[in-house]
Amino acid sequence: MKEDNVVADKSKKFALRIIKLYYYLCNEKKEYILSKQLLRSGTSIGANVKESVRAQSKADFYSKLNIALKESSETEYWLELLHESNIIDEVAFNSIYSDCQELIRILVSITKNQRSSLD
């Protein structure tokens, strides 16, 4: 995977949005528990994608991207909880949730492709 790639760019931009949402949740909503979980999983996506750039093997590359996919799914869950508990409103939720789902779609596509090349 090249260093200048779509998934790396999107996951980093997503992480920055997650950080801003985290500060909003802490400062404005006084929500610390779910927001911390969201921060961890939401920033981990990009960290694992970044690690995959320097993977030592195809298996390592697949593993890092698979972890990023799992973190994306976890982030999706925390966003749903924040929305369904009325901590974040519909507009904020829809915007960041659609970005999360886009990352999931990209990572599913890449990991499916990589998995078939490992078999």
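Shown above is the structure to which this text applies.
Conventions we followed
Residues numbered from 1 in each chain as written. Predicted model: local features only at pLDDT ≥ 70, side-chain atom pairs only at ≥ 80, totals over all residues. Heavy atoms only, no water. Phe/Tyr/Trp six-rings, centres within 6.5 Å; stacked < 30°, edge-to-face > 60°. Buried < 20%, exposed > 50% of the residue type's maximum accessible area, 1.4 Å probe, protein only. Core = buried A, V, L, I, M, F, W, Y, C linked by side-chain atoms within 4.5 Å. Helix = DSSP H or I, 4+ residues; strand = E, 2+ residues; numbered from the N terminus. Contact = heavy atoms within 4.5 Å. Patch = residues over 30% accessible without salt bridge, like charges linked within 9 Å, V, L, I, M, F, W, Y side chains within 5 Å. Areas by Shrake-Rupley, 256 points an atom, 1.4 Å probe, with all protein chains shown as cover. Salt bridge = Lys/Arg side-chain N within 4 Å of Asp/Glu carboxyl O. Expected span 1.5 Å × (residues − 1). Arc of directions from axis to C-beta.

Lay out the packing of aromatic side chains in plain terms, naming residues and giving numbers.
A full pass over the atoms with the stated rule returns three aromatic pairs. Centroid distance Y22 to Y23: 5.5 Å. Interplanar angle 65°. Geometry classified as edge-to-face. By relative accessible area, Y23 is classed as partly exposed at 48%.

Go over the nonpolar core with me, naming the residues and quoting the values.
In this structure, L38, L79 and L107 are the most contacted members of the largest nonpolar core, which totals 30 residues. Where this core is concerned, the elements lending two or more residues are α1 (6–27), α2 (33–53), α3 (58–84) and α4 (90–118). In this structure, L38 is in contact with I18, L21, L25, T43, T75, W78, L79 and L82, ignoring residues within four places of it in sequence.

Just give me the short version of the environment of Y62, but keep the residues and values in it.
Within the fold, Y62 resides in helix α3. Take Y62: its relative accessible area is 16%, and that puts it in the buried class. Between the C-alpha atoms of Y62 and Y23, which are 39 residues apart in sequence, the distance is 32 Å. Apart from residues no more than four positions distant in its own chain, Y62 is found in contact with T111, Q114, R115 and L118.

Can you explain a nonpolar patch on the surface? Please cite residues and give values.
Together, L16, I19 and Y23 line one region of the surface with nonpolar side chains, adding up to about 280 Å² of accessible area. Its place among the elements puts Y23 in helix α1.

So what about α1? Which residues, and what values?
In a regular helix each residue adds 1.5 Å, so 22 residues correspond to 32 Å; α1 covers 32 Å between its end C-alpha atoms and thus fits that length. Buried within α1 we find V7, A8, S11, F14, A15, I18, L21, Y22, L25 and C26. For α1, the angular spread of buried residues about the axis comes to 140°, placing them on one side. Residues of α1 that are exposed and point over 90 degrees away from its buried face: V6, K12, K13 and K20.

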